[in-house]
There are 2 protein chains.
Amino acid sequence: MTEETDPLADGGRDRTPAENAQLALLLEVSGTPKPGNVDRHRDLGDLRFEHFMAGAVGAADGLRRAEAGDPVGVAFEDAVAGMANQQGGNTQFGCLLLLVPLVRAAASDALTPRGVSEIVKATTVEDAINFYRAFEHVDVAVDDLPSDADALDVRRGSAAAPTLRERGLTLYDIMGFSAEPDDGVPDGNAREWVTGFDRAFGAADRLLADEGPVGDRTARVFLDLLAEEPDTLVAITHGKSTARKVSHRAAEVADEIAASDDLSAAEALAEEFVDAGYNPGTTADLTAAALFIALEGGLSV
Amino acid sequence: MTEETDPLADGGRDRTPAENAQLALLLEVSGTPKPGNVDRHRDLGDLRFEHFMAGAVGAADGLRRAEAGDPVGVAFEDAVAGMANQQGGNTQFGCLLLLVPLVRAAASDALTPRGVSEIVKATTVEDAINFYRAFEHVDVAVDDLPSDADALDVRRGSAAAPTLRERGLTLYDIMGFSAEPDDGVPDGNAREWVTGFDRAFGAADRLLADEGPVGDRTARVFLDLLAEEPDTLVAITHGKSTARKVSHRAAEVADEIAASDDLSAAEALAEEFVDAGYNPGTTADLTAAALFIALEGGLSV
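Now for a look at the structure at hand.

What counts and how
Residues numbered from 1 in each chain as written. Chains lettered and ligands numbered in written order. Predicted model: local features only at pLDDT ≥ 70, side-chain atom pairs only at ≥ 80, totals over all residues. Heavy atoms only, no water. Phe/Tyr/Trp six-rings, centres within 6.5 Å; stacked < 30°, edge-to-face > 60°. Buried < 20%, exposed > 50% of the residue type's maximum accessible area, 1.4 Å probe, protein only. Patch = residues over 30% accessible without salt bridge, like charges linked within 9 Å, V, L, I, M, F, W, Y side chains within 5 Å. Areas by Shrake-Rupley, 256 points an atom, 1.4 Å probe, with all protein chains shown as cover. Salt bridge = Lys/Arg side-chain N within 4 Å of Asp/Glu carboxyl O. Lys, Arg positive; Asp, Glu negative; His and termini not counted. Charge placed at Lys NZ, Arg CZ, Asp CG, Glu CD. Helix = DSSP H or I, 4+ residues; strand = E, 2+ residues; numbered from the N terminus. Expected span 1.5 Å × (residues − 1). Bend = angle between axes of the 7 residues up to and from the residue. Least-squares fit on C-alpha atoms with pLDDT ≥ 70 in both. Contact = heavy atoms within 4.5 Å. Core = buried A, V, L, I, M, F, W, Y, C linked by side-chain atoms within 4.5 Å.

Okay, the packing of aromatic side chains next. Residue and element names in this part refer to chain A. Within this structure, the stated rule accounts for 15 aromatic pairs over all chains. Relative to Phe135, the ring of Phe131 has its centre 5.1 Å away and its plane inclined at 90 degrees; by these criteria the two rings are edge-to-face. When sorted by exposure, Phe131 lands in the same class as Phe135, which is buried. On the numbers, 5.9 Å between centres and 70 degrees between planes, the contact of Phe273 with Tyr278 is edge-to-face. Overall, the relative accessible area of 1% leaves Phe273 in the buried class. Using a relative accessible area of 14% as the deciding quantity, one classes Tyr278 as buried.

And the structure:
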């Protein structure tokens with residue numbers, strides 16, 4: 001083997017899509033300050049940074065299955081089962097719901113809004129069943145589904161399978177319900193599924209256009225995403241009006257940071273949100289998805 | 001499939017040895033304060049926390065090859081090549097030199113001093129050649145080998161292969177030279193290879209016997225290891241006498257912490273070491289190895 005043909009001889013080896021997805025999970029939780037979330041400098045009681053490290057390690061097998069072309073539902077359930085092997089509870093369920101189809105798309109050289117849309121639209125009833133089974137591995141904060149959909153409440157886990165089969169509902173159909181519920185809180189991750197991952201691609205462009213260490217870029221894009229739209233998890237746990245208030249505060253601080261090029265205003269906001277118990281977890285999921293797209297697009301670490 | 005026989009139905013899936021090794025890399029760098037090293041709360045100039053995240057992601061493929069039974073040298077070079085794909089330079093070369101044989105041992109249910117000794121003693125000339133090749137992927141701080149060994153200076157990379165073959169030197173032989181050089185600094189990692197990973201197993205027992213979050217346990221065991229013996233990297237970069245002084249300071253602070261059950265004295269030491277440019281990287285390698293052994297032994301995260 002000569003040095004010219006040796007892929008290892010240039011000082012390193014490119015990351016695969018599954019590796020970039022795992023790195024996106026790690027960079028997301030490392031970015032600081034991310035007001036209200038676990039980050040490099042903050043734990044939230046018994047939910048600690050190390051649980052996110054273990055979650056990212058355990059999720060990798062499922063991400064590799066997505067890269068290898070396994071069905072979205074199978075890869076997702078596997079990733080969640082691996083993620084769940086730590087004491088912190090749900091660390092990255094929502095991130096993985098976004099990352100699995102994105103990895104599938106990247107592995108087929110189709111990491112575009114259209115490419116990932118084709119993948120999520122092609123999901124099947126079996127994918128939906130696997131998605132429901134994933135809820136058996138970990139407690140996930142969810143809002144009620146529409147009142148006529150009790151048989152499809154995700155908390156039913158595997159027990160929802162007969163209803164899914166009977167009605168012929170695919171995972172994409174389920175995401176459609178969650179994205180635009182008749183009542184209750186629209187799910188921000190489900191909305192990505194049905195809009196070609198619109199916000200994640202937009203945030204990835206901002207990560208790539210930004211400058212400085214990736215941890216700082218992550219903090220800025222997180223705050224921008226939170227400022228743009230109310231966070232689903234905050235809306236579920238504290239109500240829609242509080243979620244709007246949280247986004248309003250994020251917008252004020254984002255403006256301050258943009259004017260001063262100094263992240264310290266976000267440190268104060270982090271204390272404020274942690275004290276109030278506001279945990280914008282869905283915005284963190286979007287941030288991880290954006291980091292993945294940016295890494296695939298050449299963001300260097 | 002019934003719930004009784006479904007390995008995923010219990011809320012999580014056990015980690016494999018390769019996954020525990022990757023987690024050990026992540027927990028090592030996350031433990032804080034680890035005076036003089038990059039940790040959750042400190043970067044060292046252009047060597048930042050995110051580089052260790054990317055290093056751990058890239059190393060996983062080689063760790064899985066070790067788990068699958070690939071030769072130690074092949075798995076190690078692959079892990080280093082993956083690790084090197086980030087801008088920080090050498091993040092975890094020494095950790096991987098310890099973890100690869102430990103993973104091999106764990107994968108054969110032989111994670112004991114005797115089990116890992118058998119693995120390192122069985123290394124071949126080809127393993128040695130792969131080890132030398134690994135130096136081509138990343139700049140590693142090294143001390144000079146004994147004066148009659150210039151042809152075996154690790155900085156020669158692949159060019160050392162003819163000499164290794166001619167003299168029939170295995171990787172275990174090379175580690176023997178580095179562990180007890182005629183002059184120069186004995187290498188702490190090489191000494192683990194030739195002593196049945198004595199310090200790593202001892203530190204793992206302490207991690208398991210300790211209490212509290214794993215990040216705190218990591219900080220305490222790091223300081224104990226540094227107090228016990230001068231760090232190789234500090235000795236190479238600042239001389240043996242400074243390395244002894246650094247260990248003496250670590251011992252003072254370790255005593256203070258043991259008496260007060262409060263890690264804050266180590267925060268001050270971290271500032272002191274960072275200001276002085278003391279970077280006890282070999283002690284961090286030992287800490288990662290100890291974390292791996294402890295995770296395999298049931299340390300829960």
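Residue and element names in this part refer to chain A. A surface patch of like charges, here negative, comprises Asp255, Glu256, Asp261 and Asp262. The topology assignment puts Asp255 in helix H13 (residues 240-260). Residue classification places Asp255 among the exposed positions, given a relative accessible area of 56%.

Next up on the list: helix H4 (residues 93-107) of chain A. Residues and elements named next belong to chain A. Under the 1.5 Å per step criterion, the end-to-end length of H4 is 21 Å for 15 residues, consistent within 8% with the ideal 21 Å. Leu99 marks where H4 bends most, by close to 25 degrees; the proline Pro101 follows one to four residues later. Burial runs high along H4: 13 of the 15 residues are buried. Downstream of H4 by one or two residues, Asp109 has phi in the positive range, about 55 degrees.

Before going further, it helps to spend a moment on unusual backbone geometry. All names here are of chain A. Between Thr32 and Pro33 the backbone carries a cis peptide bond, its omega angle lying at -5 degrees. The backbone of Asp109 shows a phi angle near 55 degrees, a positive value even though the residue is not glycine. With respect to the helices, strands and loops of the structure, Asp109 is situated in the loop between H4 and helix H5 (113-121).

Below, the discussion takes up the relation of the copies chain A and chain B. With an RMSD of 0.0 Å, chain A superimposes on chain B once it is rotated by 180 degrees and translated 0.0 Å along the axis. Look at the turn and shift together and you get a two-fold axis relating the two. When the interface residues of chain A are mapped onto chain B, 100% of them again lie at the interface, so the same face is used by both copies.

Here we take up the nonpolar core. Within the largest apolar cluster, 165 residues are counted, with the highest numbers of intra-cluster contacts made by Phe131(A) and Phe131(B). Among all residues touching Phe131(A), those that are not within four sequence positions of it are Phe76(A), Phe93(A), Leu97(A), Val154(A), Leu171(A), Ile174(A) and Met175(A).

These results come straight from atomic positions and should not be treated as a statement about function.
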